[in-house]
Amino acid sequence: MKAAIRDRLHVRRALLLLAAVTGIALSGCTGTLGTSGAIVYGYPTVYADAEPVMVETYPRVMYRGSYAYLVDGNWYYRNQNRWVVFQQEPPELHRYRSRYVPPPRVYERDRGYGYPQERPRQYHRWR
């Protein structure tokens, strides 16, 4: 009798653990791309849920009358007032990516904002 109860408890614990792991795994699955898309100039795309943050700062190239932006390895393109991401890279954009050399990073000196520094004292000799 005790073995049957113990087996049922083990099965319940295993099911609870499986449900918890599944819930955690599924809750972390978020993305910025939608599931639907369109065909843009003969290439498949996916609609982006939101505009990339500060898209103007990323490398861009003129593609068919509008700019395409290279953001984290994906090409974002504005199509009919919506952002799309190319699933298949057009040859023109591939050529740009193969030749593109990122500019060197610019590091600014620490300006040392903080407490004001005391000026060195000047001593004068009185006559």
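Q: Is there a simple way to explain the pattern of salt bridges in this structure?
A: It is possible for side chains bearing opposite charge to pair when their charged atoms get close. Throughout the structure, instances matching the rule amount to 2 salt bridges. For Arg64, the salt bridge identified is with Glu92, shortest N-O distance 3.9 Å. Highlighted residues: Arg64 in the loop between β3 (60-63) and β4 (66-71) and Glu92 in helix α2 (residues 91-99), separated in sequence by 28 residues. Judged by relative accessible area, Arg64 falls into the partly exposed class, the value being 44%. Taking relative accessible area as the criterion, Glu92 reaches 32% and is therefore assigned partly exposed. Between Glu89 and Arg97 there is a salt bridge whose closest N-O contact spans 2.8 Å. We classify Glu89 as partly exposed; its relative accessible area is 27%. Residue classification places Arg97 among the partly exposed positions, given a relative accessible area of 30%.

What counts as what
Residues numbered from 1 in each chain as written. Predicted model: local features only at pLDDT ≥ 70, side-chain atom pairs only at ≥ 80, totals over all residues. Heavy atoms only, no water. Salt bridge = Lys/Arg side-chain N within 4 Å of Asp/Glu carboxyl O. Helix = DSSP H or I, 4+ residues; strand = E, 2+ residues; numbered from the N terminus. Buried < 20%, exposed > 50% of the residue type's maximum accessible area, 1.4 Å probe, protein only.

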